[in-house]
Amino acid sequence: MGRKADMAEPLRIGAKLKHTRLMLGMSLAEVGKQTELTEGYISKLENNRAQASMSALHRVAAALGMNMSELFATDDDATGPVSIVRKDSRPKLVTGHLRAGNQVTLEKLVPGSSGQLLQINIHVIAPGGGSLEPISHDGQEFGFVLTGSIELIVDQHVVEVSEGDSFYFDSYLPHGYRNVGQTEARVLWVNTPPTF
């Protein structure tokens with residue numbers, strides 16, 4: 001009814017998290033200790049009853065020996081050397097909460113598969129939203145602001161980037177961002193390797 005026919009359903013990643021944890025023989029307590037999250041919260045994530053911030057989801061994925069790209073993994077029906085993701089069927093991962101000011105929707109532009117060197121998403125950030133807790137990981141990142149503006153914080157250095165601006169930084173530096181504008185921001189974001 002209120003959903004547009006051309007929009008893909010957000011991914012429900014709980015089963016992937018739980019399956020991976022069980023395959024590794026890890027308890028909720030072990031994952032909680034590594035991530036500094038409660039067992040109850042992790043259980044809610046695994047049962048799709050909670051929506052993690054990007055930072056929390058990154059910590060859980062790392063504790064399980066996976067990366068954020070693997071959470072997007074879907075059955076790939078590519079029949080040739082070119083992978084295509086149509087705009088109306090992009091896998092989407094919603095992180096955080098709008099009211100908490102940390103909601104970000106990641107739209108996957110490249111299907112995930114082993115051996116890929118790039119992870120490419122569009123980060124859709126509501127006004128005031130963002131990835132507020134600094135994260136760091138291996139690799140390098142590039143971004144191009146498609147619409148809106150964001151405040152980018154890299155190693156405690158704060159810069160504002162707006163539509164048409166691009167940026168680059170080493171991913172091992174603690175980083176985060178937030179939408180400082182009054183409208184939704186959309187940022188084409190590239191990571192290599194796909195460790196995030």
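Residues numbered from 1 in each chain as written. Predicted model: local features only at pLDDT ≥ 70, side-chain atom pairs only at ≥ 80, totals over all residues. Heavy atoms only, no water.

## Description of the nonpolar core
And step 1. In terms of nonpolar packing, the biggest core is built from 34 residues, with L17, L57, I150, F167, Y177 and W189 touching the most fellow members.
And step 2. Contributions of two or more residues to this core are made by α3 (39-46), α4 (54-63), α5 (68-71), β2 (104-108), β6 (149-154), β8 (166-170) and β10 (185-192).
And step 3. Top contributing element to this core by residue count: α4, with six residues.
And step 4. Setting aside residues no more than four positions away along its own chain, F167 makes contact with E141, F142, G143, F144, I150, L152, V161, V187 and W189. (Core = buried A, V, L, I, M, F, W, Y, C linked by side-chain atoms within 4.5 Å. Buried < 20%, exposed > 50% of the residue type's maximum accessible area, 1.4 Å probe, protein only. Helix = DSSP H or I, 4+ residues; strand = E, 2+ residues; numbered from the N terminus. Contact = heavy atoms within 4.5 Å.)

## Observations regarding α3
And step 1. Burial in α3 covers these residues: I42, L45 and E46. Along α3, the residues classed as buried sweep out an arc of 100 degrees about the axis, all on the same side.
And step 2. Where α3 is buried, its residues touch α1 (14-23), α2 (28-35) and α4.
And step 3. Looking one or two places after α3, you find N48, whose phi comes out positive at around 55 degrees. (Arc of directions from axis to C-beta.)

## Details of the pattern of salt bridges
And step 1. Scanning the entire structure with this criterion turns up five salt bridges.
And step 2. E107 is paired through a salt bridge with R90; the nearest N and O atoms lie 2.6 Å apart. On the criterion of sequence distance, the pair formed by E107 in strand β2 and R90 in the loop between α5 and β1 (92-95) is long-range, its members being 17 residues apart.
And step 3. A salt bridge links E107 to R186, with the shortest nitrogen-to-oxygen separation between them at 3.3 Å. Taken together, the residues span a long stretch of sequence, with E107 in strand β2 and R186 in strand β10 at a distance of 79 residues.
And step 4. One connected set of salt bridges, linked through shared partners, spans R90, E107 and R186. (Salt bridge = Lys/Arg side-chain N within 4 Å of Asp/Glu carboxyl O.)

## Examining the packing of aromatic side chains
And step 1. A complete count under the given rule lists three aromatic pairs for this structure.
And step 2. Ring geometry for F167 against F169: centres 6.2 Å apart, planes inclined by 15 degrees, an arrangement best described as stacked. Here F167 matches F169 in class, with each residue buried.
And step 3. Judged by centre distance (5.0 Å) and plane angle (70 degrees), the rings of F167 and W189 are edge-to-face. In this pair, F167 sits in strand β8 while W189 sits in strand β10, placing the two residues 22 residues apart along the sequence. Each member of the pair, F167 together with W189, is buried.
And step 4. Here the aromatic residues F167, F169, Y177 and W189 are joined through ring pairs into a cluster of three or more. (Phe/Tyr/Trp six-rings, centres within 6.5 Å; stacked < 30°, edge-to-face > 60°.)

## A word on empty space enclosed by the protein
And step 1. Taken as a whole, this structure holds two cavities of 30 Å³ or more when the rule is applied.
And step 2. Its boundaries defined by the atoms lining it, the second largest cavity holds a volume of some 30 Å³.
And step 3. L17, R21, V31, I42, L45, E46, V60 and L64 together form the lining of the second largest cavity.
And step 4. Of the residues forming the lining of the second largest cavity, the biggest block, three residues, is contributed by α3.
And step 5. Here the lining of the second largest cavity is built from residues that sort into six nonpolar, no polar and two charged. (1 Å grid on protein atoms, 1.4 Å probe; cavity = no way out; pocket = protein on both sides within 12 Å on 5 of 7 lines; lining within 4 Å. Points joined across faces, edges and corners; volume = space filled by probe spheres on them. Nonpolar A, V, L, I, M, F, W, Y, C, P; charged D, E, K, R; others polar.)

## Side note on the pairing of β10
And step 1. Pairing analysis gives seven bridges linking strand β3 (residues 119-125) to β10, with the strands arranged antiparallel. Opposite N121, over in β10, you have W189 as the bridge partner.
And step 2. Where strand β5 (residues 140-147) meets β10, seven bridges bridge the pair, whose relative direction is antiparallel. Residue pairing in the sheet places F142 in a bridge with V190 of β10. (Pairing = 2+ DSSP bridges.)

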